[in-house]
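Observations on chain architecture
One-letter residues, chain by chain:
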Amino acid sequence: MEEQDFIDALKAGKQFAYGKLIDDFQHKVFATCISFVPNKEDAEDIAQDVFVEVFNSVHKFKGQSKLSTWIYRITTNKCLEFIRARNTKKRFGFLQSIMGNDIPFDKTRYFTEMNHPGIILENKETSETLFYAINQLPEAQKTVFTLHKVDGKSYQEISEIVKKSVSSVESLMFRAKKNLQSLLKNYYKNEN
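Reading the values: the criteria
- Residues numbered from 1 in each chain as written.
- Predicted model: local features only at pLDDT ≥ 70, side-chain atom pairs only at ≥ 80, totals over all residues.
- Heavy atoms only, no water.
- UniProt positions renumbered as here; feature names shortened; annotations may be inferred.
- Axes fitted to C-alpha atoms, helices over the stretch in contact; angles between N-to-C directions.
- Helix = DSSP H or I, 4+ residues; strand = E, 2+ residues; numbered from the N terminus.
- Parallel < 35°, antiparallel > 145°, perpendicular 65-115°, else oblique.
- Left-handed = near helix turned anticlockwise from the far one by under 90°.
- Contact = heavy atoms within 4.5 Å.
- Core = buried A, V, L, I, M, F, W, Y, C linked by side-chain atoms within 4.5 Å.
- Buried < 20%, exposed > 50% of the residue type's maximum accessible area, 1.4 Å probe, protein only.
- Domains from an automatic or database assignment.

The name given to the chain in an unreviewed UniProt entry is RNA polymerase sigma factor, with Bizionia algoritergicola as the source organism. Turning to the chain, the UniProt annotation filed under Sequence similarities (unreviewed entry) states: "Belongs to the sigma-70 factor family. ECF subfamily."

Following this line, the structure appears as structure tokens:
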């Protein structure tokens with residue numbers, strides 16, 4: 001089936017098209033989600049949100065990029081929204097703790113799942129440290145680094161997903177590597 005026929009079937013609400021969309025993209029979307037949010041349950045929830053968004057807004061898809069690029073853009077945005085919301089909750093919990101308000105706040109470690117297929121690291125602690133460092137990067141750098149190094153996307157694909165030029169993507173990647181180097185160097189210096 002040609003991509004345009006598939007998109008038309010999605011827009012028409014054809015059941016087989018939704019089934020094909022799930023079959024074709026569920027593993028890819030989940031892999032991207034767990035790259036950004038290395039917790040299986042949260043990544044699954046975000047992936048579900050991605051497909052709900054795709055189903056609800058496919059009629060807005062104009063075909064200016066490939067369907068897969070559009071889906072990755074939605075996935076990346078949903079992951080970043082989740083991370084922003086989680087960071088807001090953490091700040092709120094921290095403020096509550098300083099002000100002495102005894103409202104329950106989940107302080108359990110966030111990184112519970114480290115079985116991402118794209119990353120094979122020797123142990124969970126190293127994985128947690130790496131994902132913690134990646135999460136400290138500015139949002140644009142974190143997005144580019146994760147899509148390239150964790151998801152294996154080319155600079156051209158990332159350029160289409162984040163709607164930036166390839167040279168901007170390369171620049172963000174360069175800065176992300178430098179910042180990670182510094183963050184990890186400081187982390188290990190403090191550990192010793």
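1. Considering the packing of helix α6 (residues 139–150) against helix α7 (residues 155–162)
Here α6 crosses α7 at 140 degrees, and the two axes come no closer than 10 Å. Relative to α7, α6 is oriented oblique. In the packing of α6 onto α7, the handedness of the crossing is right-handed. Across the interface between the two elements, Thr143, Val144, Leu147 and His148 of α6 pack against Tyr155, Ile158, Ile161 and Val162 of α7.

2. Brief notes about the nonpolar core
With 42 residues, the main nonpolar core has Leu10, Leu21, Val29, Leu67, Trp70 and Ile71 as its most contacted residues. Of all the elements in the fold, those that place two or more residues in this core are α1 (3–11), α2 (15–36), α3 (40–57), α4 (67–99), α5 (124–136), α6, α7 and α8 (166–191). In terms of domain composition, this core takes at least three residues from each of domain 1 (1–116) and domain 2 (118–191). Excluding anything up to four places from it in sequence, leucine 10 contacts Ala17, Tyr18, Leu21, Val58 and Leu67.

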